[in-house]
Amino acid sequence: MSTLENENRTVVLAYSGGLDTSCILVWLIEQNYEVIAYMANIGQDEDFDSAKEKALKFGAKDFVCLDLRKEFVEDYIYPAIQANAIYEDRYLLGTSLARPCITKGLIKVAFDKNAAYISHGATGKGNDQVRFELCAYALKPDIKVVSPWKIPEFYDRFKGRTDLFNYAAAHGIPLPVTPKNPWSMDANLLHISYESGILEKPECPAPDNIYQMTSNPSDWPDTGDLIKIEFKKGTPISVKNLNGQELYSDSLEIMNYLNKIGKTHGIGRIDIVENRFVGMKSRGIYETPGGTILYHAHLDIELLTMDREVRKIKQSLIPRYSEIIYNGFWFSPEADFLREIITKSQENVDGSVTLLVFKGNVYIKARESIKSLYNETLVSMDVKGDYEPSDAAGFIKINAVRLRENYIQRGSKF
């Protein structure tokens, strides 16, 4: 018996049913792999039954779909909200947070099905290849990865999307995109991203019809939604619409409702150029409606309830933490360490924030908390309280010491 016949050739493919993974599924079978198509339901608008039918039709040995929506919200999105995680000042990490969640499911299926390999359709130029594989090796160090876009036999054969379209047509693979609209999309409960095609030219505006999770300005209503979001230890526990009295407390329902409100009012749409981990700049368009609302609400309740110096230290760590997430190190020791610190910082972040969602903006209107550090008597201009104004003179003089010394050393600026 040959070595090939003895070898475990079972591979779990992170399958989307799109152009790349549809072609990769057929290509893997051509390379004598037994393919298990795996999908993770993390809130994307997907016909999973049709995807299963399609995968099995074109040769997959099995199809597994895991419902990870609640896990995605509670174990990935909410910790990012607690952190105020944001990459390069604008990106709320929708894809970056989804990849470790998807990969954890991928490795679970590999364990359950005794698969020696996993595979994915991420390109050799992007961040996702790094995220998938770093997460996979952190969870199962002996796993083998088949990454077609890094294999010369594959990328020499498929030099671009046109070759993939031709291959799909030759094998009768139906696809949801056409060469006329070739941009790629990645959607989940937190966001949707768009890249590739005409979007690779940063000077070209995106077409108005590309957007799916936010409405265009011409469609924004003239009446806003006043909502109240309740937090416990920095985590959203309820959202209430003060106009219609709708109330949601389930984590999945909270995200879905805020996405709905955010879509109506065009919240969280950005068009940016970012720095990929692999060393190049790329243009990405993102829609993060519910996540943007939560980001602003959490910032506000945190400032009300958290000690100033604790927050300074916490916020000084967030650019690095966001970079760790973006680069694919979710399951790293440094990420675990930072999450412990962030969780500790959220112990008193309880309370509610009232905000108006209206015409592309989130307006904070009010906030309250039984753990508030705001002392109305202390801060009032009408009440002296326990504060002695004359003490401020010494405070100012002490802080001016270095400024005066700098003048002595440097001289006048006039």
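Residues numbered from 1 in each chain as written. Predicted model: local features only at pLDDT ≥ 70, side-chain atom pairs only at ≥ 80, totals over all residues. Heavy atoms only, no water.

*Asks:* Sorry if this is basic, but what is going on with the sheet that holds strand 12 (residues 281-287) here?
*Replies:* Note on sheets: strands pair through backbone hydrogen bonds, and any given pair is parallel or antiparallel. As summarised here, the arrangement of the four strands in space is 6-7-12-11, forming an open sheet in which the pairing is antiparallel. Bordering the open sheet on either side are strand 6 (184-187) and strand 11 (269-275), each of which pairs with just one other strand. For this sheet the average axis-to-axis angle between neighbouring strands, irrespective of direction, equals 25°. Pairing geometry for strand 7 (residues 192-195) and strand 12, over three bridges, is antiparallel. Bridging across to strand 12, tyrosine 194 finds its partner in isoleucine 285. (Pairing = 2+ DSSP bridges. Helix = DSSP H or I, 4+ residues; strand = E, 2+ residues; numbered from the N terminus. Axes fitted to C-alpha atoms, helices over the stretch in contact; angles between N-to-C directions.)

*Asks:* So what exactly am I meant to see when it comes to empty space enclosed by the protein here?
*Replies:* Summary: where empty space remains is shown by rolling a probe the size of a single water molecule over the atoms. A full pass over the atoms with the stated rule returns one cavity of 30 Å³ or more. Estimates place the volume of the largest cavity at around 70 Å³. Lining the largest cavity, in full, are Ile77, Ala80, Ile81, Ala85, Leu92, Leu97, Leu190, Gly291 and Tyr295. Mapped onto the lining of the largest cavity, the elements with two or more residues apiece are helix 4 (69-83) and helix 10 (289-305). Among the elements that line the lining of the largest cavity, the one with the most residues is helix 4, at three residues. Broken down by class, the residue content of the lining of the largest cavity amounts to eight nonpolar, one polar and no charged. (1 Å grid on protein atoms, 1.4 Å probe; cavity = no way out; pocket = protein on both sides within 12 Å on 5 of 7 lines; lining within 4 Å. Points joined across faces, edges and corners; volume = space filled by probe spheres on them. Nonpolar A, V, L, I, M, F, W, Y, C, P; charged D, E, K, R; others polar.)

*Asks:* Is there a simple way to explain the layout of surface pockets in this structure?
*Replies:* Of the pockets and cavities examined, the second largest pocket occupies roughly 240 Å³. Lining the second largest pocket are 17 residues, and of these Leu92, Gly268, Ile270, Thr292 and His296 sit closest to its centre. At the level of secondary structure, the elements contributing two or more residues to the lining of the second largest pocket comprise strand 11, helix 10 and strand 14 (361-368). With three residues, helix 10 is the single largest residue contributor to the lining of the second largest pocket. For the lining of the second largest pocket, the residue count by class is seven nonpolar, seven polar and three charged.

*Asks:* I would appreciate a short explanation of the sheet that holds strand 4 (residues 117-119) in the present structure.
*Replies:* With respect to topology, five strands assemble into an open sheet ordered 3-2-1-4-5, the strand pairing being parallel. A strand with exactly one partner marks an edge of an open sheet, and here the two such strands are strand 3 (62-67) and strand 5 (144-146). Each neighbouring strand pair of the sheet contributes to a mean axis angle of 25°, computed without reference to strand direction. Across the sheet, helix 2 (residues 19-30) is in contact with strand 1 (10-14), strand 2 (34-41), strand 4 and strand 5; its angle to strand 1 comes to roughly 170°. Contacts from helix 5 (residues 94-112) reach strand 1, strand 2, strand 3 and strand 4 within the one sheet, and its direction differs from that of strand 2 by about 140°. (Contact = heavy atoms within 4.5 Å.)

*Asks:* Can you help me understand the nonpolar core in this one?
*Replies:* Nonpolar side chains in soluble globular proteins tend to be buried together. By size, the foremost hydrophobic cluster in this structure holds 70 residues, and its most contacted members are Val12, Tyr38, Phe72, Ile229, Ile293 and Leu355. Residues within four places of isoleucine 293 in sequence aside, it is in contact with Ile227, Ile229, Leu258, Ile261, Gly262, Ile267, Leu355, Val357 and Val362. The next biggest cluster of nonpolar side chains, apart from the first, holds 31 residues, and it includes Trp27, Tyr33, Ala37 and Phe58. (Core = buried A, V, L, I, M, F, W, Y, C linked by side-chain atoms within 4.5 Å. Buried < 20%, exposed > 50% of the residue type's maximum accessible area, 1.4 Å probe, protein only.)

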